[in-house]
Every structure is written in C-alpha cells, then in structure tokens.
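The residues making up each chain are set out below.
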Amino acid sequence: MKKNKNTIIHGRKTVLVPYRRVHVNKYHGWMQSEELQELTASEPLSLEQEFRMQESWLDDEDKCTFVILDRNVYSQSNSDEIASMIGDVNLFLNDIENRQTAEVEIMVAELHARGQGMGKEALLLMMRYGVEYLALTSITAKIGLANEKSLNMFRKIGFKEISRSEVFKEVTLEWLVDTDTKQWLWNETKHIDIVMEEESESVLCT
C-alpha cells in the first residue's frame, strides 16, 4: 500500500516498518517453514515469486503490510532492520463495497520473539494505524481452530467470534470500533510514535 510506504511505527517492544525489497530474502527463508505455512495457510513461493509479490503489494491499495522488528535488537544494532526482523502484520481491505473494514493477519516467525508480548503489541499498533489512518470501523481475523495461542490473544484484545468453519478448520473473529473500544485502543497505544518519513514528521500519539 502506497499510503504506508514511508511510515514507521515505534512501540515499546516493537517497531513496524513497510515491507521493502531488502526484507524479502529473510521473509522468504521464514516461509520455507512448514509450521509457518500451516499457521498462515500459505503455499511456498520461489524467491523470484516472493520479490514479485512484494512489488505488487507495495502498489496494492487493498493490502497494508508492515514488517515487525524487535525494538531492542533494532536499537542495539544501529537500526539493522534485517537483524531485527521477527515477523509481519497485514491488513487486507478485501470488501470493495465497504472500505472501512479489513482483515488482519499477524505472524511472529522468530521463535525467540514468541511469548514476549511482541505479537500483541504489533497487533495493537496495526489496529491503531488502521482506525486512525485508514478510517476502519471493523477488523476481522481468521484463525485456525488449533491455534489456541492466537485465539486467546485476539479474544483478550476484544475480538468476538462471529463464525466457525469446520471445513476450513478456522474461526472468524471481529473487533468493532465504537466509543469504548476506540478509547481502550488509544489507551493501550498511547506510547506509540508514528513517523511519516515522506513528510519528515513525527506524531507522538497521546
């Protein structure tokens, strides 16, 4: 998505950066994992296909993608994004009749980063970005029935189950934006710093 191509979002534990060509090799390596393929319902791609997909997503106004960085590693490695990469988070605006709803997907690929609260923070940062900058009023997530950790995380954040498919073995959850949920999200993400590189502007969310 062109809208976020120059946006960096700083949290306490994570930093979100746009998915760029420089990230593709490491991302491709992650996606050779059968575990990640199963968790993300993805088919393995060749490296060439991965590069083409990154280029297409950059120009696709229906897909907003950030790479998740470990903030500690990022700070201690002179802002080395490749060394800091731990996963990615995406918003898919698939409903052409309602541009205010999106499906969110998150992947924490690096084992050492799991169970540290990084995935939860990255999800909240993406939700904040989606509501504030993409004007979303609802966010959905499709999660495998066997993925109890993800299901628990989304439910704790406030996502509610709206459907279940035994055929696809997945649950669809939804988070609706209203006065209370928006205030909760703003409180949970009040520490974030959103930097728009294009405008050389830093916006501290308070």
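Quick caveat: nothing in here was measured; it's all calculated off a predicted structure. (Residues numbered from 1 in each chain as written. Predicted model: local features only at pLDDT ≥ 70, side-chain atom pairs only at ≥ 80, totals over all residues. Heavy atoms only, no water.)

A separate point is the confidence of the model for the protein. For the protein, per-residue confidence averages 92 on the pLDDT scale, and 96% of positions sit at 70 or higher. Across the protein, helix H8 (residues 179-188) holds the top mean pLDDT of 98, while strand S10 (residues 201-204) sits lowest at 43. Every residue in residues 199-206 is under pLDDT 50, and counting partners more than four places away or in other chains gives 21 contacts. (pLDDT = per-residue confidence, 0-100. Helix = DSSP H or I, 4+ residues; strand = E, 2+ residues; numbered from the N terminus. Contact = heavy atoms within 4.5 Å.)

So, on to the pattern of salt bridges. Applying the stated rule across the entire model yields 9 salt bridges. In this structure, the salt-bridge partner of Arg 52 is Glu 48, at a minimum N-O distance of 3.0 Å. Of the two residues, Arg 52 and Glu 48 are both situated in helix H3 (residues 47-59); the distance of 4 residues between them amounts to about one turn of the helix. When its relative accessible area of 45% is taken as the criterion, Arg 52 is described as partly exposed. Close ionic contact of Arg 128 with Glu 132 constitutes a salt bridge, the shortest N to O distance being 2.8 Å. Of this pair, Arg 128 and Glu 132 both sit in helix H6 (residues 118-133), 4 residues apart, roughly one helical turn. (Salt bridge = Lys/Arg side-chain N within 4 Å of Asp/Glu carboxyl O. Buried < 20%, exposed > 50% of the residue type's maximum accessible area, 1.4 Å probe, protein only.)

Next up on the list: the packing of H6 against H8. Think of two packed helices as two axes; the pair is described by the angle between the axes and how far apart they sit. In contact at an axis separation of 10 Å, H6 and H8 are set at 125° when each is read in the N-to-C sense. It follows that H6 is oblique to H8 by the angle criterion. Judged by the sense of rotation from one axis to the other, the crossing of H6 with H8 is left-handed. Packed against H6, whose contacting residues are Leu 124, Met 127, Arg 128, Val 131 and Glu 132, the element H8 presents Lys 182, Trp 184, Leu 185, Trp 186 and Glu 188 at the interface. In terms of residue class, the contact of H6 with H8 is made up of 6 nonpolar, no polar and 4 charged. (Axes fitted to C-alpha atoms, helices over the stretch in contact; angles between N-to-C directions. Parallel < 35°, antiparallel > 145°, perpendicular 65-115°, else oblique. Left-handed = near helix turned anticlockwise from the far one by under 90°. Nonpolar A, V, L, I, M, F, W, Y, C, P; charged D, E, K, R; others polar.)

Once that is clear, we can look at the environment of Tyr 133. Its place among the elements puts Tyr 133 in helix H6. Residue classification places Tyr 133 among the partly exposed positions, given a relative accessible area of 21%. Sequence separation between Tyr 133 and Tyr 27 is 106 residues, and the spatial gap between their C-alpha atoms is 26 Å.

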